[in-house]
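# Descriptive structure summary
One letter stands for each residue in the lines below.
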Amino acid sequence: NKIGVIFDLDGVIVDTAKYHYLAWKELADDLGFEFTEKHNELLKGVSRVRSLEILLGIGNISISEEKKQEYLVSKNEEYLGYITKMGANEILPGASELLDALDNVGIKYVLGSASKNAPLILKQIGLYDRFAGIVDGNSVSKAKPDPEVFLIGAEKLNLTPKQCVVFEDAIAGIEAAKNANMISVGIGDENTLKEADYNFNNLTEVPSDFFEKLVTLN
Ligand code: BG6
Ligand code: MG
């Protein structure tokens, strides 16, 4: 009876959505259309390439493959400007405490993120060395809701999918966890993440006996 945990990064451990928003908005401004925070919701958990496609769709803009590559680079440069200024003070409430609690009971955890910048962000906030493994946008070929990212995570944990608990803030992420046959925990709005097996508004709300109970249920 063993379990392991797979954490999404953006929206679970840190709030980088605001920086993605500012960087995408800069591009939308240049292209001359409005990009709102509501639009930004559509990009949560979604890969960089897919995000650009959604953004261009919002602006009703079609461009060459070459231009797309150019925009992907400039957006990321803009985004890097924000995340290279991040520090441990940007770790979301409850995250450090949860990792400590897992360490104390010997439950291993890995990262399962769509972001190619995940290692950099983890280093910025000082959590890089805490994870037993890191699966990010560089190591997957299929984006969430495809289960690939989490299945590689399970391999790194040396556990079966059913022994893995996924913490996610995005609909695509919860779907990916379901597709992987894992236990899913939605962090954020319960109505948005209603497909999740368990829901909490944020990590501070995860009860201290949560994992203990999961082990007995498993
Ligand atoms: C996800 C974010 O974690 O990473 C998405 O939720 C983002 O909004 C995706 O588009 C890809 O990130 P990056 O850092 O590779 O551009
Ligand atoms: Mg996320």
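Model, not experiment: these values are computed from the prediction.

### Side note on the nonpolar core
In terms of nonpolar packing, the biggest core is built from 56 residues, with Phe7, Leu9, Phe150, Cys164, Val165, Val166 and Met182 touching the most fellow members. Ranked by the residues each element gives to this core, the list is headed by helix 7 (residues 148-157), at 5 residues. Excluding residues within four positions of it along the chain, Phe7 makes contact with Val12, Ile13, Tyr109, Leu111, Gly112 and Phe167.

### Some thoughts on the UniProt feature "active site" (unreviewed entry) in the chain
Using the residue numbers shown here, the UniProt feature "active site" (unreviewed entry) corresponds to Asp8 and Asp10. Examined against the element boundaries, Asp8 turns out to sit in the loop between strand 1 (4-7) and helix 1 (17-31). Residue classification places Asp8 among the buried residues on the basis of 29 C-beta atoms within 10 Å. Non-local contacts of Asp8, meaning those with residues more than four positions away in its chain, are made with Gly112, Ser113, Phe167, Glu168, Asp169 and Gly173. Those residues in contact with Asp10 that lie beyond four places of it in its chain are Thr16, Ala17, Ser113 and Ser115.

### Remarks on the environment of Leu80
Among the secondary structure elements, Leu80 is positioned in helix 4 (residues 65-83). Overall, Leu80 belongs to the partly exposed group, with 14 C-beta atoms counted inside 10 Å.

### Comments concerning the packing of helix 1 against helix 4
At a minimum axis distance of 9 Å, the contact between helix 1 and helix 4 shows a crossing angle of 140°. When the axis of helix 1 is compared with that of helix 4, the two are oblique. Note on packing geometry: the crossing formed by helix 1 with helix 4 is right-handed. Contacts between helix 1 and helix 4 involve Tyr19, His20, Leu22, Ala23, Trp24, Glu26 and Leu27 from the first element and Tyr71, Ser74, Lys75, Glu78, Tyr79, Tyr82 and Ile83 from the second. Here the residues of the contact of helix 1 with helix 4 sort into 9 nonpolar, 2 polar and 3 charged.

The rules behind each value
Residues numbered from 1 in each chain as written. Chains lettered and ligands numbered in written order. Predicted model: local features only at pLDDT ≥ 70, side-chain atom pairs only at ≥ 80, totals over all residues. Core = buried A, V, L, I, M, F, W, Y, C linked by C-beta atoms within 7 Å. Buried ≥ 20, exposed ≤ 12 C-beta atoms within 10 Å, placed from the backbone. Helix = DSSP H or I, 4+ residues; strand = E, 2+ residues; numbered from the N terminus. Contact = placed C-beta atoms within 7 Å. UniProt positions renumbered as here; feature names shortened; annotations may be inferred. Axes fitted to C-alpha atoms, helices over the stretch in contact; angles between N-to-C directions. Parallel < 35°, antiparallel > 145°, perpendicular 65-115°, else oblique. Left-handed = near helix turned anticlockwise from the far one by under 90°. Nonpolar A, V, L, I, M, F, W, Y, C, P; charged D, E, K, R; others polar.

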